[in-house]
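Structural features, examined
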Amino acid sequence: MTVTADTTVTSDSARAATVTNPVLRVAPASPAAAAAYFGASLAFHADVSDVAAALAADGDPGFVVLDSRSTESWDQGHIPGAIHLPTALIPEQAEQLLDKSVPVVTYCWGPGCNGATRAALALAELGFQVKEMLGGFEYWAREGFAYETWEGRERRDADPLTAPVDAEDCGC
C-alpha cells in the first residue's frame, strides 16, 4: 500500500491495474475535480431529451433552439420552432435574430459534428448565453421526437439503442 502526498491511499492491486488497464492508465480525477468538471459540463451542454421535454411543456421554455447547419440540412429535417442560422452567418445576423437575454441552445447534425460547438463559440463571443445540445439532430430523430422537413412534419420510431421504447424517459 502506498500513501501519496495528497493522502490518496493506493493498493498494490490498484497500482498494478493502472499499469495494465488502459482505462486506469491515467488515474481518475479527485472527487472535487470531477465535481467541478461535470458541474461545468452541465453549464455548457443540454441533452436531447431535456430539450424536448422543456419544449413540450406548457409555457416558455426559457431558451431558444438554434440550428447551425446549412439550408440543405435544415430542409432535410429540423427541430420544430428552431431558428435557422448557419454558423458562418452568426457574426452578421445573430443580433437581429436573437435576444441576448434569452439563452440559446445550439445543435448541428450529431455527435460526429462540431458545428454546434463552433456556433456556440461564435454566439458566446458576441455576448450570448449558450449551451450545446449533445447528440444534435441525429439523436433528436433517433429518440423519436417530431421534426419538420421541407415536406412537413415527421417522426420516426425511437431507436431502442438510444431511448427506452416503453417509457417516457430514460431515467437519467
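Residues numbered from 1 in each chain as written. Predicted model: local features only at pLDDT ≥ 70, side-chain atom pairs only at ≥ 80, totals over all residues. Heavy atoms only, no water.

1. Topic: the overall build of the chain
Along the backbone of the chain there are 7 helices and 9 strands. Here the chain holds 172 residues, and the buried ones make up 30% of them. Taking as baseline every contact in the chain between residues at least 6 positions apart, the subset at least 24 positions apart corresponds to 59%. Within the structure as shown, the chain displays about 10700 Å² of accessible surface, and the carbon and sulfur contribution to it stands at 57%. (Helix = DSSP H or I, 4+ residues; strand = E, 2+ residues; numbered from the N terminus. Buried < 20%, exposed > 50% of the residue type's maximum accessible area, 1.4 Å probe, protein only. Contact = heavy atoms within 4.5 Å. Areas by Shrake-Rupley, 256 points an atom, 1.4 Å probe, with all protein chains shown as cover.)

2. Remarks on the side chain of E132
You can see E132 is positioned in strand β7 (residues 130-134). Setting aside its immediate chain neighbours within four residues, E132 contacts F44, H45, A46, T106, A116 and T117.

3. Let's talk about the side chain of T149
Note on placement: T149 falls in strand β8 (residues 147-149). Taking the relative accessible area as the measure of exposure, T149 reaches 10% and is therefore buried. Among the polar contacts listed, one links the side chain of T149 to the backbone nitrogen of E151, at a separation of 3.0 Å. Aside from chain neighbours lying at most four places away, what touches T149 is D75, Q76, G77 and E154. (Polar contact = N/O pair within 3.5 Å; in protein donor to acceptor, adjacent residues only side chain to side chain.)

4. A closer look at the pairing of β7
Bridge analysis of strand β3 (residues 45-47) against β7 gives 3 bridges, and the strand direction is parallel. Residue pairing for β7: D47 is matched across the bridge by L134. Judged from the 3 bridges that link them, strand β6 (residues 104-107) and β7 form a sheet pairing that is parallel. In the sheet register, V105 faces β7, and the bridge partner there is K131. (Pairing = 2+ DSSP bridges.)

5. Examining the environment of G62
Secondary-structure assignment places G62 in the loop between α3 (48-56) and β4 (64-67). Owing to a relative accessible area of 38%, G62 belongs among the partly exposed residues under this scheme. G62 sits 40 residues away from V102 along the chain, and the two C-alpha atoms are 6.7 Å apart. Residues contacting G62, with those up to four places away along its chain left out, are V102 and P103.

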